[in-house]
Amino acid sequence: MQLQRPWLPNESAAGSKTCTKCGATKPLDAFYRNAQSADGRHPQCKACRSAALVAYRERERVTINARKRDAYASNPGAQREWNRAWRNGNRPARRLQHQRRRALLAEATSCAAFTAEEMLRDWESRGLTGCSYCPGEFESIDHVIPLKRGGAHELANLAPACISCNSSKRDSLLDEWLPRHVERLRREGVVSDDWCPPLAAQPA
Ligand SMILES: [Zn+2]
Ligand SMILES: [Zn+2]
């Protein structure tokens, strides 16, 4: 049933209406359906709505970019690390999602929810920007105390690791593995004798 509201200029009994934006009179199907309108059609024509949406997205984009700029200004290091990781095709968010699922499956002692960006900021604040166990790059997420050994899925128990270190460490605890590992790196000339893995400089 079509409600007649002749006092409104944009309605007509003839199956057409006048757009409140551009003022053109068009057939009803030139207007999107809109449950809130008395005639079931949006007051503005489709062309005007599309233009408004494009403008809205552009405004949104400017707002989002401004938010990113603010985040960068408050912690440029984390943003740099994030950008670098992203450039390398190393998707921290995907990796974190994978590790969280592993933790849930392993029924880890605790399974905290945090974003990949929070994780990267936490690492940055602890001076962990590359692999925690060698001079290599961040390529994977390591549970420092392995899930299988009762480790928690929490920021404090996560560290960046290169794939080689991560697979060498596997389910070992740090004191079972790290001294041997550093010794090997020194022996192979990968690091100097006074080199210390970034994670070892952390308070326990
Ligand atoms: Zn219009
Ligand atoms: Zn490494």
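Residues numbered from 1 in each chain as written. Chains lettered and ligands numbered in written order. Predicted model: local features only at pLDDT ≥ 70, side-chain atom pairs only at ≥ 80, totals over all residues.

Let us now look at the overall build of the chain. Helix and strand content of the chain: six helices and four strands. Ordered by position from N to C terminus, the α and β elements of the chain give β-β-α-α-α-α-β-β-α-α. Burial statistics for the chain: of 204 residues in total, 18% are counted as buried. Considering only residue pairs separated by 6 or more positions, the chain has 54% of its internal contacts joining residues 24 or more positions apart. (Helix = DSSP H or I, 4+ residues; strand = E, 2+ residues; numbered from the N terminus. Buried ≥ 20, exposed ≤ 12 C-beta atoms within 10 Å, placed from the backbone. Contact = placed C-beta atoms within 7 Å.)

One way to put it is that helix α3 (residues 92-105) packs onto helix α4 (residues 116-125) with a least axis distance of 9 Å and a crossing angle of 100°. By the criterion of interaxial angle, the relationship of α3 to α4 is roughly perpendicular. Packed against α3, whose contacting residues are Pro92, Ala93 and Leu96, the element α4 presents Ala116, Met119 and Leu120 at the interface. Residues of the contact of α3 with α4, tallied by class, amount to six nonpolar, no polar and no charged. (Axes fitted to C-alpha atoms, helices over the stretch in contact; angles between N-to-C directions. Parallel < 35°, antiparallel > 145°, perpendicular 65-115°, else oblique. Nonpolar A, V, L, I, M, F, W, Y, C, P; charged D, E, K, R; others polar.)

On to helix α6 (residues 174-187). In a regular helix each residue adds 1.5 Å, so 14 residues correspond to 20 Å; α6 covers 19 Å between its end C-alpha atoms and thus fits that length. A positive backbone phi angle near 75° is found at Gly189, which sits one or two residues after α6. (Expected span 1.5 Å × (residues − 1).)

Okay, α4 next. Inspection of α4 places Met119, Leu120, Arg121 and Trp123 among the buried residues, and these make up the whole buried set. Directly beyond the C-terminal end of α4, a positive phi value near 75° is found at Gly127.

For the rest of this paragraph, the subject is the environment of Phe114. Locating Phe114 in the fold gives a position in the loop between α3 and α4. Separated by 18 residues in sequence, Phe114 and Leu96 have C-alpha atoms that sit 9.1 Å apart. For Phe114, the contacting residues outside a window of four places in its chain are Met119 and Leu155.

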